[in-house]
Amino acid sequence: DGSETNTVLMKQIAIEADFLAALKDNGVPAIWRPLHEMNGNWFWFCTASGQHRVSADVFVDFWKYIYNYYTVERGLDNLLWCYSPNTSSVDPTEPGGTLYYYPGDQYVDIVGVDWYTKGAREIKDSDNYLDLVNTTGKMGAMTEFGPNGSVKAPSAELQPEYYSTERLMSELMKLRDEGYSFAY
């Protein structure tokens, strides 16, 4: 409390809460997906972000703080809270895994993974998506997806030649037929 970082952070959280409150005031529910891909190394809150790595305990405490601020202090009961790590072949309960940073059932409504494919079925690596859904018992979602690596075109115009939306959708339907359930 009181530091410059805390002041900036709290201002941003309040701005987001004001927007979500406007949705609530207009009868609009929202899937709220804060701190997504936390098991990566590309956002300031990531747990694998080099020398400034955020520990699982700090991440979970931060998630709970935001949750309590929005739901208790601001009364935002129109939110479905979505926990969404990046897909990972790491053991789910180890650092970098999909469950390692899970804040707890009372703070999460939906779970999902972000999957940027290189044209393979990476989502099945160690069945990290199924582990997340089955362990938590929560509704599952494909929270972000798209092409990456050699199947990502150098321009949007060329993307269908590399890896089309139809091909990705076909992969999702195959996964569905293999027992993967996606709410969205």
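Residues numbered from 1 in each chain as written. Predicted model: local features only at pLDDT ≥ 70, side-chain atom pairs only at ≥ 80, totals over all residues. Heavy atoms only, no water.

Asker: Honestly, the sheet that holds strand E2 (residues 79–83) in this entry has me stumped. Any pointers?
Answerer: Strand-to-strand pairing in sheets goes through backbone hydrogen bonds, with the strands running parallel or antiparallel. Read from one edge of the open sheet, four strands run E1-E2-E3-E4, paired in parallel fashion. Edge positions in the open sheet fall to strand E1 (30–32) and strand E4 (139–147), since each of these has one partner strand only. Within the sheet, the average angular offset between the axes of one strand and its neighbour, ignoring direction, is 35°. Strand direction decides the pairing type here: strand E3 (residues 110–117) and E4, joined by eight bridges, are parallel. Paired with Trp115 across the bridge in E4 is Phe145. Most of the contacts of helix H3 (residues 128–136) go to E3, to which it runs at about 175°, and overall it touches E2, E3 and E4. (Pairing = 2+ DSSP bridges. Helix = DSSP H or I, 4+ residues; strand = E, 2+ residues; numbered from the N terminus. Axes fitted to C-alpha atoms, helices over the stretch in contact; angles between N-to-C directions. Contact = heavy atoms within 4.5 Å.)

Asker: Would you explain unusual backbone geometry in this entry?
Answerer: For residues other than glycine, phi is negative in most cases, and the peptide bonds are mostly trans. Positive phi, close to 50°, is recorded for Leu35, a residue that is not glycine. Looking at the secondary structure, you find Leu35 in the loop between E1 and helix H2 (56–73). Assessed through its relative accessible area of 9%, Leu35 is described here as buried. (Buried < 20%, exposed > 50% of the residue type's maximum accessible area, 1.4 Å probe, protein only.)

Asker: What should I look at first to understand the side chain of His36 in this one?
Answerer: Examined against the element boundaries, His36 turns out to sit in the loop between E1 and H2. Taking relative accessible area as the criterion, His36 reaches 19% and is therefore assigned buried. In this structure His36 touches Phe43, Phe45, Ser84, Asp114 and Glu144, once residues within four positions along its chain are discounted.

Asker: Teacher, can you tell me more about helix H1 (residues 4–25) here?
Answerer: Two residues of an α-helix separated by three or four positions point the same way, owing to the 3.6 residues in each turn. With 22 residues, H1 ought to run about 32 Å at 1.5 Å a step, and its terminal C-alpha atoms sit 31 Å apart, in line with that. Those residues of H1 that fall on the buried side of the exposure criterion are Met10, Ile13, Ala14, Ala17, Leu20 and Ala21. Across the axial projection of H1, the buried residues extend over an arc of 130°, all falling on one side. Residues Glu4, Thr5, Val8, Lys11 and Phe19 are exposed on H1 and point more than 90 degrees away from its buried face. A positive backbone phi angle near 75° is found at Gly27, which sits one or two residues after H1. (Expected span 1.5 Å × (residues − 1). Arc of directions from axis to C-beta.)

Asker: It is not clear to me how the packing of aromatic side chains should be interpreted in this structure. Could you clarify?
Answerer: Here the distance between the centres and the angle between the planes together describe a pair of aromatic rings. In this structure the tally under the stated criterion is 16 aromatic pairs. An angle of 85° between the planes, with centres 5.5 Å apart, marks the rings of Trp44 and Phe45 as edge-to-face. Relative accessible area serves as the criterion here: at 59%, Trp44 is assigned to the exposed category. The exposure class assigned to Phe45 is buried, which follows from its relative accessible area of 10%. Between Tyr67 and Trp81 the ring centres are 4.9 Å apart and the planes differ by 55°, which places this aromatic pair in the tilted class. Placement of Tyr67 in helix H2 and of Trp81 in strand E2 is noted, with a sequence separation of 14 residues between them. Given the relative accessible area of 17%, Tyr67 is considered buried. Residue classification places Trp81 among the buried residues on the basis of a relative accessible area of 1%. Through a chain of ring-to-ring contacts, three or more aromatic side chains come together here, namely Trp32, Phe59, Trp63, Tyr67, Tyr69, Tyr70, Trp81, Tyr83, Tyr100, Tyr101, Tyr102 and Tyr107. (Phe/Tyr/Trp six-rings, centres within 6.5 Å; stacked < 30°, edge-to-face > 60°.)

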